[in-house]
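Here is how the chains run, residue by residue.
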Amino acid sequence: MTQPPTNGTAPPGPAHPDRAAGAPTLPAVPPQRTGTPGGHLTPTARRRTAFVEGADRLRAAATTEPGRLRVIGAVLAVLVVAFGAVTAWQTDDRASAADAVLNRSQPLSSDAADIYRSLADANTAASSGFLAGGQETKASRDRYEKDIRTAADKLVGAAANSEPGSPSARTIARLNRLLPEYKGLVERARTYNRQGFPVGGAYLRYANEKMQKQMLPAAEDLYTRENQRLRADYAHATPYPWAAIGLGVTALAALAWAQHRTYRRTHRVLNHGLVAATATATVALLWLVVGHTVARASLDDSYDHGVRSLNVLHDARIASLKARGNENLTLVARGAETVRVGAETFDAYDHDFRTEMGVLGKGLAEARRLADDRSGEQPVATAVGNMAEWHKRHAAAREQDENGNYDAALDKVIGAKDATGECFDSVDANLARALGHETEEFRSAAGDGLDALAGLPVGAGALAVLGAAGAVLGIGRRLSEYR
């Protein structure tokens, strides 16, 4: 019979949980990777990023009152600073546009209109001098030369203020090229006219054609483009800064909530820092709303009672210049140019005269409607009376011309007394007076609009800094109670 070993040592075998202490154990199994079949760690086993750990710490801190206060203080400061920054940005943008309206766009628009008027008036003066022949007066010659110089000077100024390579710059370059060509044609017409050669009339008609079909359309295009720029500047200057207003209301609501929360927890009515922040934000918001409302109203007034009237008056003045030029050319051409309207044939220049007089009448009626005071209405009303007299004298001159009394017709157009030229000069002078008055009204109203925005960008920024500092100090005072 087999006997058990006497040394008391158990045979080797698997470890048993009930085995007594000191018994040998198997080697430990090394830890195994868990996750995907390829042995990669799962997302939960990866090391957490600094951002995640920071977010966890922030959440943990927010569970305590000091942590909540720090978060509230940071949010209030950011809101107030953002309100100030957006206010400064939007009001500075609108102030720049208002300054462009006052000191750049509208003056350039007026300069473009002056270029057109000067060219049209030079053409009128040239035809008047041609009709006078050898008896051309010094005043008529000086007027022509002055108009040419004015147009050249205005073109130089417009070129300096236009964008290189822009359509306006190309138009100005074209006018600068055409102006000496036109002047050369006029000088040839005068030379041949003084020598009694009929070809002088052909040269003058050619010069007029260059003016009417090339130069004046180019000047009108320049005038239209400058008016578009003016309207664009108004469109940038007048909209309400809704982003800044929205941030201001949000900042005030957040400050009110923070003060209410502080009151509920401490039963203290006022927190000096938060009250200061609320006061500065309120001042900035009121300044923003009131200042922009005043600026918008003034700029709208400058457009309604300034720019609109100026545009109508410029158009009326140009129509009167065109009418006068066509009236003169009616006698220069002596029926050489005709136009068919329906079944009837008319003298081309007399037909154009009647068309431009119709434009002038409508323009004067609109200018009179837009005039908002006696000083603006009176010169327009006088111009209406001048136009009516012009119609009567022109009809008398046409009657003499159609009856073969050319010299009598000429005297009624360019004569020293009771001629249509007196009526034209009166219309032009009264329109110039009305333009001067409306320009002053525009500058006054637009200047008020610009002044209403003065200091607002810098002031809003300074108030925002003070408000943010007040919010931080107010929250800091509460935090000190926990130390």
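The shown structure was predicted, so the numbers you read here are calculated from the model rather than taken from an experiment.

Enquirer: Which residues make up helix α9 (residues 374–402), and what values go with them?
Expert: Along an α-helix, residues three or four positions apart point the same way, because every turn accommodates 3.6 residues. For α9, built from 29 residues, the straight-helix expectation of 42 Å at 1.5 Å per residue is met to within 8% by its first-to-last C-alpha distance of 42 Å. Within α9, the full set of buried residues consists of Gly376, Pro379, Val380, Ala383, Asn386, Met387, Trp390, Arg393, His394, Ala397, Arg398 and Asp401. Where α9 is buried, its residues meet α7 (272–333), α8 (348–370), α10 (406–414) and α11 (420–452). Count one or two residues on from α9 and you reach Gly404, which has phi positive near 90°.

Enquirer: How would you sum up unusual backbone geometry? Please name residues and give values.
Expert: Backbone geometry places Asp418, a non-glycine residue, at a positive phi of 55°. Note on Asp418: relative accessible area 45%, which makes it partly exposed.

Enquirer: Any details on the packing of aromatic side chains? Residues and values, ideally.
Expert: Under the criterion given, the structure shown has six aromatic pairs. A centroid spacing of 5.1 Å and a plane angle of 80° characterise the contact between Tyr234 and Tyr303, whose relative ring orientation is edge-to-face. Note that Tyr234 is positioned in helix α5 (residues 199–237) and Tyr303 in helix α7, a separation of 69 residues in sequence. Residue classification places Tyr303 among the partly exposed positions, given a relative accessible area of 24%. Through a chain of ring-to-ring contacts, the aromatic side chains of Tyr192, Phe197 and Tyr203 assemble into a single cluster. Across the ring face of Tyr144, the terminal group of Arg190 is positioned such that the distance to the ring centre comes to 4.5 Å.

Enquirer: Describe the nonpolar core, and please don't skip the residues or the numbers.
Expert: Inside soluble globular proteins, nonpolar side chains tend to come together where they are buried. Membership of the largest hydrophobic core comes to 79 residues, with the highest contact counts inside it found for Leu119, Tyr182, Leu360 and Trp390. With 15 residues, helix α2 (residues 65–132) is the single largest residue contributor to this core. Sequence-distant contacts of Trp390, that is, excluding residues within four places in its chain, are made with Ser320, Ala323, Arg324, Glu327, Phe353, Met357, Leu360, Thr420, Cys423, Phe424 and Val427. One finds Leu255, Ala284, Leu463 and Ala464 within the second-largest nonpolar core, a separate group that totals 30 residues.

Enquirer: Lay out the pairing of strand β2 (residues 344–347) with the relevant residues and their values.
Expert: Where strand β1 (residues 338–341) lies against β2, four bridges are found, and the strand directions are antiparallel. Paired with Val339 across the two strands is Phe346, which belongs to β2. Count of turn residues in the β1/β2 antiparallel hairpin: two residues, of which Gly342 carries a positive phi of about 70°.

Enquirer: Go over the packing of α7 against α10 with me, naming the residues and quoting the values.
Expert: Across the interface, α7 lies against α10 with an axial gap of 10 Å and an inter-helix angle of 165°. Judged by the angle between their axes, α7 and α10 are roughly antiparallel. In terms of crossing hand, the pair formed by α7 and α10 is left-handed. Facing α7, whose interface residues are Arg324, Glu327, Asn328 and Leu331, α10 presents Tyr406, Ala409, Leu410, Val413 and Ile414. Classifying every residue of the contact of α7 with α10 by side-chain character gives six nonpolar, one polar and two charged.

Enquirer: Explain the confidence of the model for the protein to me, using residue names and the numbers behind them.
Expert: Across the protein, the average pLDDT comes to 83, with 87% of residues at 70 or higher. Here residues 1–11 scores under 50 on pLDDT; set against residues more than four positions off or in separate chains, the count is zero contacts. Counting interchain partners and residues more than four positions distant, the pLDDT-below-50 stretch residues 14–22 has one contact.

Enquirer: Can you tell me about the environment of Leu222, naming the residues and giving the values?
Expert: The residue Leu222 is located in helix α5 in this model. Classification of Leu222 as buried rests on a relative accessible area of 1%. Considered as a pair, Leu222 and Ala113 are 109 residues apart in the sequence and their alpha carbons are 8.6 Å apart. Among residues more than four places away in sequence, those in contact with Leu222 are Ala112, Ile115, Ser168, Thr171 and Ile172.

Enquirer: Before we move on, can you summarise the packing of α5 against α7 with the specific residues and values?
Expert: Packing of α5 against α7 brings their axes to within 13 Å, and their N-to-C directions diverge by 175°. In this view, α5 runs roughly antiparallel relative to α7, as classed from their interaxial angle. Along its contact with α5, which presents Gly201, Leu204, Arg205, Asn208, Leu216, Tyr223, Asn227, Leu230, Arg231, Tyr234 and Ala237, the element α7 presents His292, Leu299, Ser302, Tyr303, Val307, Asn311, His314, Asp315, Lys322, Leu329, Val332 and Ala333. Grouping the constituent residues of the contact of α5 with α7 by class yields 12 nonpolar, seven polar and four charged.

Enquirer: Now, about the pattern of salt bridges: what can you tell me, with residues and values included?
Expert: On inspection of all chains with the given rule, the structure shows 25 salt bridges. A salt bridge links Lys154 to Asp114; the shortest N-O distance between them is 3.7 Å. Of this pair, Lys154 sits in helix α3 (residues 138–161) while Asp114 sits in helix α2, and the two are 40 residues apart along the sequence. One salt bridge connects Glu377 with Arg368, and the closest N-O pair in it is separated by 3.7 Å. Under the relative-accessibility criterion, Glu377 is labelled partly exposed at 28%. Owing to a relative accessible area of 38%, Arg368 belongs among the partly exposed residues under this scheme. A cluster of three or more residues bridged by salt bridges with shared partners is formed by Arg141, Glu145, Lys183, Glu187 and Arg190.

Enquirer: I'd like to hear about the environment of Leu331, residue by residue, with values.
Expert: By secondary structure assignment, the location of Leu331 is in helix α7. When the C-alpha atoms of Leu331 and Tyr349 are compared, they prove to be 9.0 Å apart, with 18 residues separating the residues in sequence. Dropping the residues within four chain positions of it, Leu331 is found in contact with Leu131, Asp401, Tyr406, Ala409, Leu410 and Val413.

Reading the values: the criteria
Residues numbered from 1 in each chain as written. Predicted model: local features only at pLDDT ≥ 70, side-chain atom pairs only at ≥ 80, totals over all residues. Heavy atoms only, no water. Helix = DSSP H or I, 4+ residues; strand = E, 2+ residues; numbered from the N terminus. Expected span 1.5 Å × (residues − 1). Buried < 20%, exposed > 50% of the residue type's maximum accessible area, 1.4 Å probe, protein only. Contact = heavy atoms within 4.5 Å. Phe/Tyr/Trp six-rings, centres within 6.5 Å; stacked < 30°, edge-to-face > 60°. Lys NZ or Arg CZ within 6 Å of the ring centre and 35° of its normal. Core = buried A, V, L, I, M, F, W, Y, C linked by side-chain atoms within 4.5 Å. Pairing = 2+ DSSP bridges. Axes fitted to C-alpha atoms, helices over the stretch in contact; angles between N-to-C directions. Parallel < 35°, antiparallel > 145°, perpendicular 65-115°, else oblique. Left-handed = near helix turned anticlockwise from the far one by under 90°. Nonpolar A, V, L, I, M, F, W, Y, C, P; charged D, E, K, R; others polar. pLDDT = per-residue confidence, 0-100. Salt bridge = Lys/Arg side-chain N within 4 Å of Asp/Glu carboxyl O.

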